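In case you want the letters, here they are:
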Amino acid sequence: MDTILLLTILVVIFALTFDFINGFHDTANAIATSVSTRALRPRTAVYMAAIMNFIGALTFTGVAKTISKDIVDPFHLDNGALVILAALIAAIAWNLITWYFGIPSSSSHALIGSIAGAAISAAGFGILNYRGFSKILQALIISPFIALIVGFLMMSLFKVLLKNRNLFTANTRIRYLQIGTAALQAFTHGTNDAQKAMGIITMALIAGGLQAGEDIQLWVRVSAAAAMGLGTSVGGYKIIKTVGTKIMKIRPVNGAAADLSSAGIIFAATLLHLPVSTTHVISSAIMGVGTAQRVRGVNWGVAQRIILTWIITLPISAALAAIVYKVLELFF
């Protein structure tokens, strides 16, 4: 079999594997609040999220196009398929490590850092599309701060609206609202995160000379959506526990406020064709909600550990991908 074709097939397999892992790694964040407040049973929440993820993944392609061309130009990438394969292996490895320890790390940071690291290892720093790459980094860095502010404002609004209401009765009713907000959260996750694997596969097809344009083919969209949906159905209960219980004690009103805040930001990023970290956005929204209620109610020790993981993911995944590329180069 032709080497380029073999590498392209391997990229497709690893990209769908990354999407599958992303499903149980990142979607756990989307349903964490509804599970922690018992608005939904864990298994019901996971299945609902899987369906909504699948639907969301099929709906948009803008983020996929950004991933496929704004980090590096696949038309000018020598050994492109090998670079992408190295990036996927590194991103998957980091995702599994953080999942094992129950840390809500960002699959987006891992993937984008890995692509940059593998590309630099192959062709030097000049290969990066600095304009597009900086745009992606800005979206990744700014979005959690926006989520923190929007979460704070959303919870403040809820406090005003529920000021004269019985809190117990309000929380009971809001549990039903949370079913809808959790579904919306999972849908928006699919519209953004599943796009990243689609973009990766499209990069490999272009780099391998198997596709001329940047359009996302239907089979790529369906397979990536299915892989994420299946991954979601497996569940990520360690991360659900961290996000849903360890950052702060979440009640239905808190969960609904956090879900609405983060879903709005993720969907806005999708419409702007910008990849963002759903992990960062959701965790930050929860922190913002907790701060609006009571600053001391947020477990800042857990928050600091999450933030530290956010910071180190990009450089670690980039370095890991650079090493993986050099190793793969010995065999291909």
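Notes on the structure follow. Since the model is a prediction, treat every value here as computed from it, not as a measurement.

1. Focus on the overall build of the protein chain
Helix and strand counts for the protein chain come out as 12 helices and 0 strands. Reading the secondary structure of the protein chain in the N-to-C direction produces α-α-α-α-α-α-α-α-α-α-α-α. Relative to its 332 residues, the protein chain shows a buried fraction of 56%. Long-range pairs, those at least 24 residues apart, make up 87% of the contacts in the protein chain with a sequence separation of at least 6.

2. Here's the deal with the nonpolar core
Ranked by internal contacts, the top residues of the largest apolar core, which has 55 residues, are Ile-71, Val-72, Leu-88, Ile-115, Met-198 and Ile-200. Those elements that provide at least two residues to this core are helix H1 (3-36), helix H3 (62-70), helix H4 (80-100), helix H5 (107-123), helix H6 (130-161), helix H7 (167-207), helix H8 (218-234) and helix H12 (300-329). If you tally residues by element for this core, the top one is H4, at 12 residues. The contacts of Ile-115, once residues within four sequence positions are left out, are Ile-67, Ile-71, Val-72, Val-83, Ala-87 and Ile-200. Grouped together as the second largest cluster of nonpolar side chains are 22 residues, Ile-250, Val-253, Ile-265 and Leu-274 included.

3. A closer look at the pattern of salt bridges
Scanning the model with the defined rule gives 5 salt bridges in all. Put simply, Asp-70 and Lys-135 hold a salt bridge, and the shortest N to O gap is 2.9 Å. Within this pair, whereas Asp-70 is found in helix H3, its partner Lys-135 is found in helix H6, the two being separated by 65 residues in sequence. For Asp-70, a relative accessible area of 7% corresponds to the buried category. Of the residues examined, Lys-135 reaches a relative accessible area of 37% and is grouped as partly exposed.

4. Some remarks on a nonpolar patch on the surface
Among the surface-exposed residues, Leu-6, Ile-323, Val-327, Leu-330, Phe-331 and Phe-332 lie close enough to one another that they form a single nonpolar patch of about 640 Å² accessible area. Position of Val-327 relative to the elements: it lies in helix H12.

5. Looking at unusual backbone geometry
At Asn-79, a position not held by glycine, the phi torsion is positive, near 55 degrees. Tracing the backbone shows Asn-79 in the loop between H3 and H4. The class for Asn-79 is partly exposed, based on a relative accessible area of 46%. Of note in the backbone geometry, His-273 takes a positive phi value of approximately 65 degrees without being a glycine. Tracing the backbone through its elements, the reader meets His-273 in the loop between helix H10 (252-271) and helix H11 (278-293).

6. With respect to H5
An α-helical turn contains 3.6 residues, so a residue and the one three or four places further along point in the same direction. Compared with the 24 Å implied by 1.5 Å per residue over 17 residues, the 24 Å span of H5 between its first and last C-alpha is a close match. Most of H5 sits out of view: 14 of its 17 residues are buried.

7. Brief notes about H8
An ideal rise of 1.5 Å per residue puts 24 Å on 17 residues; H8 measures up with 25 Å between its terminal C-alpha atoms. Along H8, the residues classified as buried are Val-220, Ala-224, Ala-225, Ala-227, Met-228, Gly-229, Gly-231 and Thr-232.

What counts and how
- Residues numbered from 1 in each chain as written.
- Predicted model: local features only at pLDDT ≥ 70, side-chain atom pairs only at ≥ 80, totals over all residues.
- Heavy atoms only, no water.
- Helix = DSSP H or I, 4+ residues; strand = E, 2+ residues; numbered from the N terminus.
- Buried < 20%, exposed > 50% of the residue type's maximum accessible area, 1.4 Å probe, protein only.
- Contact = heavy atoms within 4.5 Å.
- Core = buried A, V, L, I, M, F, W, Y, C linked by side-chain atoms within 4.5 Å.
- Salt bridge = Lys/Arg side-chain N within 4 Å of Asp/Glu carboxyl O.
- Patch = residues over 30% accessible without salt bridge, like charges linked within 9 Å, V, L, I, M, F, W, Y side chains within 5 Å.
- Areas by Shrake-Rupley, 256 points an atom, 1.4 Å probe, with all protein chains shown as cover.
- Expected span 1.5 Å × (residues − 1).

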